[in-house]
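# Breakdown of the fold
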Amino acid sequence: MRIDVVSIFPEYLAPLDLSLVGKARRAGLLDVRVHDLRDWTTDRHRTVDDAPLGGGAGMVMRPDVWGEALDGLVEQGTELVLPTPSGERFTQRTAERMAATGHVVVACGRYEGIDARVADHYRERGVRVTEVSLGDYVLNGGEVAALVLVEAVARLLPGVVGNPQSLVEESHGAAGLLEYPVFTRPPVWRDLPAPPVLLSGHHAKVERWRRDQSLRRTALRRPDLLQQVPLHELDRDDRHVLEDLGWTFDERDGAVPPG
Ligand SMILES: C[S@@+](CC[C@H](N)C(=O)[O-])C[C@H]1O[C@@H](n2cnc3c(N)ncnc32)[C@H](O)[C@@H]1O
């Protein structure tokens, strides 16, 4: 898979040389190319921004410079990603979809953002354009979003994470639940014992305990996620766990939180 990131601060993307992503790049599993937007400017000052039409605070990134940059990078089948706080939420599903895409180009905005005609223009040309938000807050630029995207997508590519089973059990995975709490040695730390079942060697009991913990944690922390789990995926034991927490089940509404 190839990911191009265009930014006026290419140095910001240096962490992409580290850890699993760096290793994946060196192993040829992922081709990440970072570009300096200013390389596509034509004036002496390498200008990428101008005052907002209609007036107001801040500066807006110019469509002509972005157009030159993106024309050279966007090909047939490319997904163009524009990070913006007004985009759709970037989730594990978004990462999964992008991991199945051969080529993603991330255009990192700065200032008040990129002239809106850039997204419109590439959509009109038939390019898949996705405006994504990391969350309901405002960052200074899209580089952090690009780092998040590359890391979330890269770990889904075959061969990047050592044990693919760890991807299945994780939070926001296929089960739609948060992951159970995890423990390691020593079995007692500062008078806090790890749950004895994890030391029992009883595989089925460990599995059941983990499932219960996942359900409890999701019910308490992210009831919105649990409400999206289809009822047929919740067996009798699952329902008992949730009933203890005041949840009910309705064929039409699915799992319903207390209150
Ligand atoms: C200061 S922000 C612009 C905010 C914009 N004026 C608004 O209110 O929607 C500059 C750039 O940071 C990035 N950015 C800021 N917050 C973000 C978020 N929550 N998710 C993704 N990208 C974000 C985008 O690339 C954006 O173009």
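Rules used throughout
- Residues numbered from 1 in each chain as written.
- Predicted model: local features only at pLDDT ≥ 70, side-chain atom pairs only at ≥ 80, totals over all residues.
- Heavy atoms only, no water.
- UniProt positions renumbered as here; feature names shortened; annotations may be inferred.
- Helix = DSSP H or I, 4+ residues; strand = E, 2+ residues; numbered from the N terminus.
- Rg over C-alpha atoms; globule rule 2.2 N^0.38 Å.
- Buried < 20%, exposed > 50% of the residue type's maximum accessible area, 1.4 Å probe, protein only.
- Areas by Shrake-Rupley, 256 points an atom, 1.4 Å probe, with all protein chains shown as cover.
- Near = heavy atom within 4 Å.
- Polar contact = N/O pair within 3.5 Å; in protein donor to acceptor, adjacent residues only side chain to side chain.
- Nonpolar A, V, L, I, M, F, W, Y, C, P; charged D, E, K, R; others polar.
- Core = buried A, V, L, I, M, F, W, Y, C linked by side-chain atoms within 4.5 Å.
- Contact = heavy atoms within 4.5 Å.
- Pairing = 2+ DSSP bridges.
- Right-handed = clockwise from strand over helix to strand, strands pointing away.

- As recorded by an unreviewed UniProt entry, the protein carries the name tRNA (guanine-N(1)-)-methyltransferase and is attributed to Cellulomonas bogoriensis 69B4 = DSM 16987.
- Quoted verbatim from the Subunit (unreviewed entry) field of the UniProt record, the comment on the protein reads "Homodimer."

## What to know about the overall build of the protein
- When you go through the protein residue by residue, the secondary structure sums to 9 helices and 11 strands.
- Radius of gyration (C-alpha) of the protein: 23 Å, far over the 18 Å computed for a compact globule of 259 residues.
- Its C-alpha atoms give the protein principal-axis dimensions of about 70 × 45 × 40 Å.
- For the protein, buried positions account for 38% of its 259 residues.
- For the protein, the exposed area adds up to about 15000 Å²; of that, 51% sits on carbon and sulfur atoms.

## Section: the site of the ligand
- In the neighbourhood of the ligand, 18 residues make up the surrounding shell, with Pro83, Glu112, Leu134, Tyr137 and Leu139 lying closest.
- Take Leu139: an N or O atom from its main chain is 2.9 Å from a nitrogen atom of the ligand.
- In the complex, the protein chains occlude 82% of the 580 Å² of accessible area that the ligand would expose alone.
- Contributions of two or more residues to the shell around the ligand are made by strand S5 (79-89) and strand S7 (128-133).
- Take the shell around the ligand: its biggest share by element is 3 residues, from S5.
- Its residues placed into classes, the shell around the ligand shows 8 nonpolar, 8 polar and 2 charged.

## Thoughts on the nonpolar core
- By size, the foremost hydrophobic cluster in this structure holds 26 residues, and its most contacted members are Ile3, Val5, Leu30, Met98, Val106, Leu149 and Val150.
- Of all the secondary structure elements, the ones that give two or more residues to this core are strand S1 (2-7), helix H1 (19-26), helix H3 (92-99), strand S6 (103-107) and helix H5 (143-154).
- The element best represented in this core is H5, accounting for 7 residues.
- For Met98, the residues in contact, after removing those within four places along its chain, are Met1, Glu79, Val81, Phe90, Val104, Thr130, Val132, Leu149 and Val153.
- Listed in part, the 20 residues of the second largest apolar core include Val6, Leu70, Leu82 and Ala119.

## A short note on the pairing of S5
- Across 3 bridges, the pairing between S5 and S6 is parallel. Within S6, the position partnered with Leu80 by the bridge is Val105.
- Between the parallel pair S5 and S6, the chain is carried across by H3, and the sense of this crossover is right-handed.
- Sheet analysis places S5 next to S7, joined by 7 bridges and oriented parallel. Opposite Arg89, over in S7, you have Ser133 as the bridge partner.

## Observations regarding the UniProt feature "binding site: S-adenosyl-L-methionine" (unreviewed entry) in the protein
- The positions that UniProt labels "binding site: S-adenosyl-L-methionine" (unreviewed entry) are, in the present scheme, Gly109, Leu134, Gly135, Asp136, Tyr137, Val138 and Leu139.
- Relative to the helices and strands, Gly109 is located in the loop between S6 and helix H4 (117-124).
- You can call Gly109 buried: its relative accessible area is 11%.
- Ignoring anything within four residues of it in the chain, the contact list for Gly109 reads Met61, Ile114, Asn140, Gly141, Gly142 and Glu143.
- Structurally, Leu134 is set in the loop between S7 and H5.
- Leu134 sits in the partly exposed class, given a relative accessible area of 24%.
- When neighbours within four sequence positions are excluded, Leu134 is seen to be in contact with Arg89, Phe90, Leu139, Val144, Ala145 and Val148.

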